Each structure stands twice: as structure tokens, then as C-alpha cells.
Amino acid sequence: MEEKGTMRVKIGLAEMLKGGVIMDVTTPEQALIAAEAGAAAVMALERVPADIRRDGGVARMADPNVIDGIIKALKEKKYEVPVMAKARIGHFVEAQILEAMGVDFVDESEVLTPADEHFHIDKHKFKVPFVCGARNLGEALRRIGEGAAMIRTKGEAGSGDVVEAVRHMRAVTGDIRRLTQLPDEELMTEAKNLGAPYDLVKYVKENGKLPVPNFAAGGIATPADAALMMMLGAEAVFVGSGIFKSEDPATRAKAIVDAVTHYRDPKVLAEVSRGLKSAMRGLDVSKMDEKDLLQTRGW
Amino acid sequence: MGRIGALALQGDFELHIKMLRRAGVEAVEIRTPAQLDSVSGLVIPGGESTTVSRLMRRYGLDKAIRERYLSGSLAVYGTCMGMILVCSDTEGDHDLAQLGFIDATVERNAYGPQVESFESDIVIDSVNGAGPMRFRAVFIRAPKVTRVGDGVKILASHAGAPALISQGLCLAGNFHPELTDDWRLHKYFLDEFAARIGD
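Now for a look at the structure at hand. (Residues numbered from 1 in each chain as written. Chains lettered and ligands numbered in written order. Predicted model: local features only at pLDDT ≥ 70, side-chain atom pairs only at ≥ 80, totals over all residues. Heavy atoms only, no water.)

## Some words on the overall build of chain A
Keep this limit in mind: To qualify as a helix, a DSSP run of H or I must reach at least 4 residues; to qualify as a strand, a run of E must reach at least 2; elements of each kind are numbered from the N terminus. We take the radius of gyration over the C-alpha atoms and set the globule estimate at 2.2 Å times the residue count to the 0.38 power. Accessibility here uses a 1.4 Å probe with only protein chains present; expressed as a share of the type maximum, an area under 20% marks a residue as buried, one over 50% as exposed, and anything in between as partly exposed. Contact between two residues is taken to exist if any of their heavy atoms lie within 4.5 Å; hydrogens are not considered. Here, Shrake-Rupley sampling with a 1.4 Å probe gives the accessible areas, and only protein chains in the shown set may cover a residue. This count recognises Lys and Arg as positive and Asp and Glu as negative, with His and chain-terminal groups excluded. A charge is said to be at NZ when it belongs to Lys, at CZ for Arg, at CG for Asp and at CD for Glu.
Scanning chain A from terminus to terminus reveals 13 helices and 9 strands. A globule of 299 residues ought to have a C-alpha radius of gyration of about 19 Å, and chain A, at 18 Å, matches this closely. Classification of the 299 residues of chain A by burial places 60% in the buried group. Taking the intrachain contacts of chain A between residues at least 6 apart in sequence as the baseline, contacts between residues at least 24 apart amount to 67%. Within the structure as shown, chain A displays about 11900 Å² of accessible surface, and the carbon and sulfur contribution to it stands at 51%. Computed over 41 positive and 45 negative side-chain charges, the inter-centroid distance for chain A is 1 Å.

So, in C-alpha cells, the structure goes:
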């Protein structure tokens, strides 16, 4: 019997994106540049996070025409890269719309203005897979408990500053390492302390990893940033504003793709880091107001 | 049998390496032509075909894999994207680094968007001489074989389309055994393909 939308099928697509770069794009032209550069997937948006941050106001799901335009442009040029799109935290109707449009992956994203301050989307109800952001293991396991098929660090989107993505990746991998050392009788209390489902805590202790792929996002701007996240345990990298807010997006996009493949080889990294022109200007997260942080959205 | 590699440019190569190790062989990641020298078999995993094509060309791996294969010193198993790359043609006009080891045409992403991805039981003809084998096949944005040449063996089909095919030293399937706990197909690749390469 054929079964669609099983957890294995959802996680399967996340597995296929490993070792790749998922690039934010806002126009069909950008989507083609990203695909040509070797993006493993594209994230179709109306505005990249740096612009959302600058413009303020309520950030919502993109106009379906923007997403359709990107899907069509890729198909016409025979690129078969998966297309992702963002829904607001808790906005399950936006997610239903994206699923109905044939989007391949939904990002329930803190980059958009949350629609529900208490509850995330029940992602088990969907056939389309979801990715969610997390700053620590408890948050990651809560999202997986709700049905997320992929976790990414939140980092600080639109900042061009990798420090928060590093903090979140180290927090998740550090917590995982600690869990693997715990005796079984401590797991229930650990689940309580993490605010995470017991079964998932037990899985992490036994396997030393999350039950879904663990990617990096939020502030990655250079090939070296991308390789750093891979070295810290990320299995793939999202680049949001970092490509199309830079001076030479096509060259930078290719360089970041190469860096994610050859992240353990500093000679290749040196080669691809040369002559990229200016990176996005960026914002120093340590100088930002608490209220301007996107990463504190979601619970 | 020598070591087996998994092409590690992009995709789910780690899962293949795990399966190969469970099937009892030493398995390594392959990112450069030099690393290819140490293996007698290569798994090309699932992933994004445009991404992997560009990286293969940039680092000379398409040429290196083709040379090794044509000299008879390398067996190859392609899954999903890997199947696209080992076949000779795709429907439509794509600039992919296809290796042409199997005389067949594939249509990329033939089942539609991810919500149409599925898992299903298939029956594989006589693997390891054990008679027909039921296998849980996971299809993720899968390609579909639309034509096979005369020399191509069809080992399993799903809904009328070939799902597992072989020619010479090459095996290819449009589904993902590495997403299950079932390593019988990896074992089959080792026993019936990689084992034919002299050490």
C-alpha cells in the first residue's frame, strides 16, 4: 500500500538536503541564480530577514504569486530544487495554504511575526514536512514532538552576525553530549527540566543525536561562517540575507556551496573565500536591543 | 573486497555509509578524485542533482568516476539522484553530469511536489539467489525511468515503472533503502557488483 506524508517520508526529504545550502530568494531571477550556484533548496520569500528587520511592521506569509513565480521559473529552466516557504509561528492556515500550493517544506519561522503566543502548529496533521528553529535541546525536542521533520538553529536572522547561530548549535550539541552520559533513572527529571517529551529525551540519550536532521541558520554570511557551522555539527546550512544582500550574490552563493561540501579542508575554503567583494554589512548582535531580537519568538 | 565509498558532495551519504558498514564493509566519504583511488565500489546517494553535478565537474569527479568505471575497476550503485546521474539521459534538456553507465532515460521529480512523496512495498527479483524479496521502498521526490535500453535488467518495478535496474557493474534505484533499517540491497550491491572487482 502507498503511504504519503509519513514521518519517514518527511524526514527523508530533510536527509536529502544534508551537506547542502538552502538559500533565501525573493524573485524568480534570484531563484535561478541560487539554483545555478548549486542551492540544495530555495526559501521563497517576499523580503529577506534583513529587510523585514529594517521595514518593521507585521511580517506574514509571502503572497502566493511570489512563491508561484519562483516555482514556475525554476520548472521552466528545468531546475528541480525543492522550494520552501515560511509560515508564521502558530498560523496553521498559512501552513495549509503553502501545503495546498505544492511547497515542498514549510518553515514555521520566528522571522515572521508570531500568530499565536502560546501554541506552535500541530505539524503531525500535515503531509508537507516542517522545519522549526531552536535555541537549545528542549526547544528542538518540543518542535520535534509537534511533528517537525528538521530542526535549524534560530541564530539571529538578518543580522549577518554568526554568533547566535554558534551559541544555539553549541547549546544543542552540548546538551546532547550531556544527555548521553546520564543514567536512565535521571531521564524523567531531565525531560521535565528540558520541557521535552520523555520518549525523545530517551532517543537522544540512546542515539547521541536528534531524531531529525539538525541544520544551521541565522546570521551566516561567508563561506567560513558556513564551514564553521558544519564543523560545530550542523548537517546543512540556511543562508538568508547573506547572499542577496552581498555585492556579488552569484559568486558568493557558489563559494558557500563549495564551503559546505569541503568544510574540513581549509585549502579549499581559502580558495573559495578569495575575491568575493563585500559581504552584507550586518548588525552586531551584542549591540542590539533585546526587543529587536527575532530569536526570542517561539517557546 | 576493498573499501567502498559514498560520494559525499551533497545528500544523504552518511546514511549510506552506515548501511554499508552494517553490511560488513569498510566505507568512506569521497569528495575528491584522489579519495576515489582507494575504493572498489561507489554509492552515489540521494541529493540535489544540479548541486552535485556542479561540484562533480568543478572537482573533476565526473571524469575520474567515468574513467574508473570504464576500466572495470569500480562498481557503482546510484539511489534517486544517484540513479539520475548513472543513467544516460533525462527527459527534457538538462545540464547534468550524467555518467551514462546505464542505457536509460529518467524523468526527474516525476511524482510532483513533496506531498506526493510516498513509501510502498515493492518486490525485488531474486536478490542473492534467495528468490523474490519484499522491500519497503521510500520514494522522495523520485525520478521515474521512462525508457530502458536492451542491455538493461529490470530487477523491480513500482506501478509499472522500473524501480531497480542494472547494467554491467552498475545498479540503480529510484527509492531509498538507506532511509529504512533494511540493508539487504547494500549487501546485494556488495556481493553481486563490488565483489566482481579484483582487489
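## Considering the overall build of chain B
Looking only at helices and strands, chain B features 6 helices and 12 strands. Relative to a compact globule of 199 residues, whose C-alpha radius of gyration would be 16 Å, chain B shows 15 Å and is just as compact. Taken along its principal axes, the extent of the C-alpha atoms in chain B is 40 × 40 × 30 Å. Looking at chain B as a whole, 63% of its 199 residues are labelled buried. With the model as given, the accessible surface of chain B reaches about 6900 Å², and the carbon-plus-sulfur share is 46%. Taking the average location of the 21 positive side-chain charges in chain B and that of its 25 negative ones, the two points are 3 Å from each other.

## Concerning the packing of aromatic side chains
Each aromatic ring pair is characterised by the separation of its centres together with the angle its planes make. All names here are of chain B. What counts here: In this scheme Phe, Tyr and Trp rings, the latter by its six-membered ring, pair at centre separations within 6.5 Å, and the angle between planes marks the pair as stacked below 30 degrees, edge-to-face above 60, and tilted otherwise. Comment: the charge-over-ring label is applied if NZ (Lys) or CZ (Arg) is within 6 Å of the ring centre and within 35 degrees of the ring normal.
As enumerated under the stated definition, the model contains 10 aromatic pairs over all chains in all. Ring centres of Y77 and F189 lie 5.6 Å apart, and the angle between their planes is 40 degrees; on these two criteria the pair is classed as tilted. Within this pair, whereas Y77 is found in strand β4 (residues 75-79), its partner F189 is found in helix α6 (residues 184-192), the two being separated by 112 residues in sequence. A relative accessible area of 0% means that Y77 is categorised as buried. For F189, a relative accessible area of 0% gives the class buried. Three or more aromatic residues joined by ring pairs make a cluster, and in this case those are Y111, F118, F135, F139 and F175. One residue, K144, lies across the ring of Y111, its end atom 4.9 Å from the ring centre.

## Examining the sheet that holds strand β8 (residues 133-139) of chain B
Selection rule: When DSSP finds two or more bridges between a pair of strands, those strands are recorded as paired.
Across the sheet, 3 strands lie side by side as β1(A)-β7(B)-β8(B); this open sheet has antiparallel pairing. Looking at strand neighbours, the two that pair on one side only are β1 (3-4) of chain A together with β8 of chain B, the edges of this open sheet. Relative to β8 of chain B, strand β7 (residues 118-124) of chain B runs antiparallel, the two being bridged by 7 bridges. Across the sheet, the residue bridging to V123 of chain B is R134 of chain B, located in β8 of chain B.

## What to know about the interface of chain B and chain A
The figure often quoted for interface size is the accessible area lost as the parts come together. For clarity, the threshold we go by: Put simply, buried area is how much 1.4 Å-probe accessible surface two parts lose in total, over both of them, once they are put together. Only one rule defines a salt bridge in this text: a Lys or Arg side-chain nitrogen within 4 Å of an Asp or Glu carboxyl oxygen. Any pair of nitrogen or oxygen atoms within 3.5 Å is treated as a polar contact; in protein, a donor-acceptor pairing is required on top of that, and neighbouring residues in sequence qualify only through side-chain atoms on both sides.
Counting residues at the interface gives 42 residues for chain B and 46 residues for chain A. Regarding the contact of chain B and chain A, the summed buried area is about 3500 Å², with carbon and sulfur atoms giving 52% of it. Linking chain B to chain A there are 7 salt bridges. Across the salt bridge formed by D104 of chain A and R141 of chain B, the nearest N and O atoms sit 3.4 Å from each other. At the junction of chain B and chain A, the tally comes to 25 residue pairs in polar contact (both at pLDDT 80 or more). Listing elements by their share of the side of chain B that touches chain A, those giving two or more residues are α1 (13-22), α3 (49-58), β7 and β8 of chain B. Here the element with the most residues in the side of chain B that touches chain A is α3 of chain B; it accounts for 5 residues.

## A word on the packing of helix α2 (residues 28-37) of chain A against helix α4 (residues 64-76) of chain A
Residue and element names in this part refer to chain A. Rules: Here, axes are lines fitted to C-alpha atoms. For helices the fit covers the stretch in contact, and angles between N-to-C directions go from 0 to 180 degrees. Angular relationships are summarised with four words: roughly parallel below 35 degrees, roughly antiparallel beyond 145, roughly perpendicular across 65 to 115, and oblique for the angles in between. The sense of a crossing depends on the near helix, which, turned anticlockwise from the far helix by less than a right angle, makes the crossing left-handed and, turned clockwise, makes it right-handed. Each residue gets one label: Ala, Val, Leu, Ile, Met, Phe, Trp, Tyr, Cys and Pro are nonpolar, Asp, Glu, Lys and Arg are charged, and the others, such as Gly, are polar.
Interhelical geometry of α2 versus α4 gives an angle of 45 degrees and a closest axis separation of 8 Å. Relative to α4, α2 is oriented oblique. In the packing of α2 onto α4, the handedness of the crossing is right-handed. On α4, the residues that touch P28, A31, L32 and A35 of α2 are G69, I70, A73 and L74. Among the residues making up the contact of α2 with α4, the classes are represented as 7 nonpolar, 1 polar and no charged.

## A word on the pairing of strand β10 (residues 153-158) of chain B
On any regular strand, side chains alternate: one points to one face of the sheet, the next to the other face. Of the pairings in the sheet, the one linking β10 of chain B to strand β11 (residues 161-167) of chain B comprises 5 bridges and is antiparallel in character. Residue pairing across strands places I154 of chain B opposite I165 of chain B, the latter belonging to β11 of chain B.

## Some thoughts on unusual backbone geometry
The backbone of R141 of chain B sits at a positive phi, close to 40 degrees, despite the residue not being glycine. Its relative accessible area of 13% is what places R141 of chain B among the buried residues.

## As for the layout of surface pockets
Stated formally: Here a cavity denotes a set of grid points, spaced 1 Å apart and computed over the protein atoms alone, in which a 1.4 Å probe fits but from which it cannot get out, and a pocket denotes an open set meeting protein on both sides within 12 Å along at least five of seven lines; residues with an atom within 4 Å of a point are reported as lining. Grid points are joined across faces, edges and corners, and a volume is the space filled by probe spheres set on the points.
Computed from the structure, the largest pocket encloses a volume of approximately 540 Å³. Of all the secondary structure elements, the ones that give two or more residues to the lining of the largest pocket are α1 (7-16) and α9 (198-207) of chain A together with α1 of chain B. When residues of the lining of the largest pocket are assigned to their parent elements, the largest contribution, 5 residues, is made by α1 of chain A. For the lining of the largest pocket, a count of residues per class yields 10 nonpolar, 3 polar and 7 charged. Estimated volume of the second largest pocket: approximately 470 Å³. In terms of lining, the second largest pocket is formed by 29 residues, of which the most central are K18, G233, A234 and E235 of chain A together with E14 of chain B. Of all the secondary-structure elements, those providing two or more residues to the lining of the second largest pocket are α10 (223-231) and α12 (249-261) of chain A together with α1 of chain B. Of all the elements, α1 of chain B adds the most residues to the lining of the second largest pocket, at 4 residues. Broken down by class, the residue content of the lining of the second largest pocket amounts to 13 nonpolar, 6 polar and 10 charged.

## Side note on the nonpolar core
The test is simple: Remark: nonpolar core denotes a set of buried residues (Ala, Val, Leu, Ile, Met, Phe, Trp, Tyr, Cys) joined through side-chain atoms within 4.5 Å.
Core analysis: the biggest nonpolar cluster contains 127 residues, and M229 of chain A together with M56, I65 and F175 of chain B have the highest contact counts within it. Looking at this core, the element that brings in the most residues is α12 of chain A, giving 6 residues. Judged by nonpolar contacts, the second largest core, of 45 residues, contains L17, A196, V204 and F238 of chain A.

## Quick word on the state of the cysteines
Here is the idea: a disulfide is a covalent bond, and it sits between the sulfur atoms of two cysteines. Applicable threshold: The disulfide criterion used throughout: a pair of cysteine sulfur atoms within 2.5 Å.
The full count for this structure, using the stated rule, is 0 disulfides over all chains. Between C170 of chain B, a free cysteine, and C87 of chain B, which holds the nearest cysteine sulfur, the sulfur-to-sulfur gap is 7.4 Å.

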